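Examining the three-dimensional arrangement
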Amino acid sequence: MKAVYSPLHIGHVGGMELNRGALVPCFETPERADIILNAYREAGLGPIVEPEDYGEGPLRAVHEEAYLTFLKTIWERWVAAGRSGFALPFAIPGRSLRTDVLPEGVDGALGHFCFDVGTPIVEGTWQAAYGAAQAALTAADLLAGERAAFALCRPPGHHAGRSVYGGYSFLNNAAIAAEHLRARGHGRVAILDVDYHHGNGTQDIFWERGDVLYASIHADPATDFPYFLGYADEEGAGAGRGTTLNIPLPHGTGWDDGWGDALQRALDSIQAFGPGALVVSLGVDTWDGDPISGFKLTDKHFPLIGHAIAKLGLPTLFVFEGGYAVAEVGRNVVGVLDGFTTGR
Ligand code: Q9C
Ligand code: ZN
């Protein structure tokens, strides 16, 4: 299996996030990608290639133009306003405030396009996000000749909606790749999201789409980020009615007491959907030692995930998402990919 990796990710670094009442260094660090890169190389899983450049067209297929313009220009606007450090929103439009106005200044713009206070923007953020999206697109096109590919994306993407960022995500790499697979004629596309957190952005993007299935196993939003989406009664709307499947699980869930069964349920729904290709939003923050998460998967379960996915027999694109136990993300990502390769 080939991996696609953009070194541009290293420019997205040095921000702080609000965590349990304190500003702390961002959990989403460049080391995460480098550790996976090393683990992938050491495991001999396959070649590592740099992305091709598809330009902004495939990004526009998923995100609004005004949102992309904001992401591209916000850092220079921030600096022009006399700011330094990292950009975080100050006020976000909650109930009774207008979401349809785009204020002129940087603080208003940040609040308009953002939904949390955990996703700092720095000088290299746009380039890093752009490189990650290009990696996802490049890996998607590898499926023309290969059974599977791995997009080592950083920053992650599944919390980014059509015109909103948050949850460490700016461009929705998995959604951009899924849309690209549709355009390339792969038939219906299924997205399996195994990250600890619900992929609110991906669900948002494909909510009314009957040709793209979104199935997610995640921590119950009643207790966990992103809090306001990912409940079991969300099933899609319009042409997309029935093509969203949310399986929220309680804090502390392990493989034997729920996660393994949830995976089988999600895989069964994908099989019933009859897709021509599969995109896996591959978060490994389900590991029991993850510093911001609460599931209890252990080392041996990650190859089982890969093995079970392989049994679908679909062209499969793995897109890296979350996983914050820095030393272990490499082993666990490799575990899934290795389980996929040896399991089929
Ligand atoms: N401050 C992904 O895994 N914050 N995003 C949680 C820590 C948001 C995670 C609390 C976590 C977002 C891609
Ligand atoms: Zn996550």
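Before any of the text, the structure's been laid out above.
For the structure given in this document, a descriptive report is provided here. (Residues numbered from 1 in each chain as written. Chains lettered and ligands numbered in written order. Predicted model: local features only at pLDDT ≥ 70, side-chain atom pairs only at ≥ 80, totals over all residues. Heavy atoms only, no water.)

With that settled, the discussion passes to the nonpolar core. Most often, soluble globular proteins keep nonpolar side chains buried together rather than apart. Ranked by internal contacts, the top residues of the largest apolar core, which has 54 residues, are Phe-150, Trp-259, Leu-263 and Phe-318. The element best represented in this core is helix α8 (residues 255-273), accounting for eight residues. Once residues within four sequence positions are removed from consideration, Phe-318 is found in contact with Met-1, Ala-149, Phe-150, Ala-151, Val-280, Leu-282, Ile-309, Val-336, Leu-337 and Phe-340. Counting 52 residues, the second-largest nonpolar core is a separate cluster that includes Leu-71, Val-106, Cys-153 and Leu-317. (Core = buried A, V, L, I, M, F, W, Y, C linked by side-chain atoms within 4.5 Å. Buried < 20%, exposed > 50% of the residue type's maximum accessible area, 1.4 Å probe, protein only. Helix = DSSP H or I, 4+ residues; strand = E, 2+ residues; numbered from the N terminus. Contact = heavy atoms within 4.5 Å.)

The coordination sphere of the zinc ion (ligand 2), as far as protein atoms go, consists of Asp-195 (OD), His-197 (ND1) and Asp-285 (OD), spread over 1.9 to 2.1 Å. What the four donor atoms of the zinc ion (ligand 2) show is an angle range of 100 to 131° at the metal, which sorts the shape as tetrahedral. Spacing between the donor residues of the zinc ion (ligand 2) along their common chain follows D-x1-H-x87-D. A residue pair is termed long-range when its members are at least 10 positions apart, and His-197 in the loop between β6 (189-193) and α7 (200-206) and Asp-285 in the loop between β9 (277-282) and α9 (301-310) qualify at 88 residues. Per residue, the accessibility class of His-197 equals that of Asp-285, and both read buried. (Donors = N, O, S within 2.8 Å, 3.2 Å for Na, K, Ca; no water. Tetrahedral: all angles 85-135°; square planar, octahedral: opposite > 155°, others 65-115°.)

Summed over the entire model, instances satisfying the criterion amount to 13 aromatic pairs. A ring pair is formed by Tyr-165 and Phe-170, whose centres lie 5.4 Å apart and whose planes are at 25°; its orientation type is stacked. The same class applies to Tyr-165 as to Phe-170, namely buried. Where Phe-225 meets Tyr-227, the ring centres are 6.1 Å apart and the plane angle is 80°; that geometry is what we call edge-to-face. One aromatic cluster is present, formed by Tyr-67, Phe-70, Phe-113, Tyr-165 and Phe-170 through successive ring pairs. A cation sits over an aromatic face here: Arg-83 above Trp-78, 4.8 Å from the ring centre. Here Arg-188 stacks its cationic end above the ring of Phe-273, 3.8 Å away from the centre of that ring. (Phe/Tyr/Trp six-rings, centres within 6.5 Å; stacked < 30°, edge-to-face > 60°. Lys NZ or Arg CZ within 6 Å of the ring centre and 35° of its normal.)

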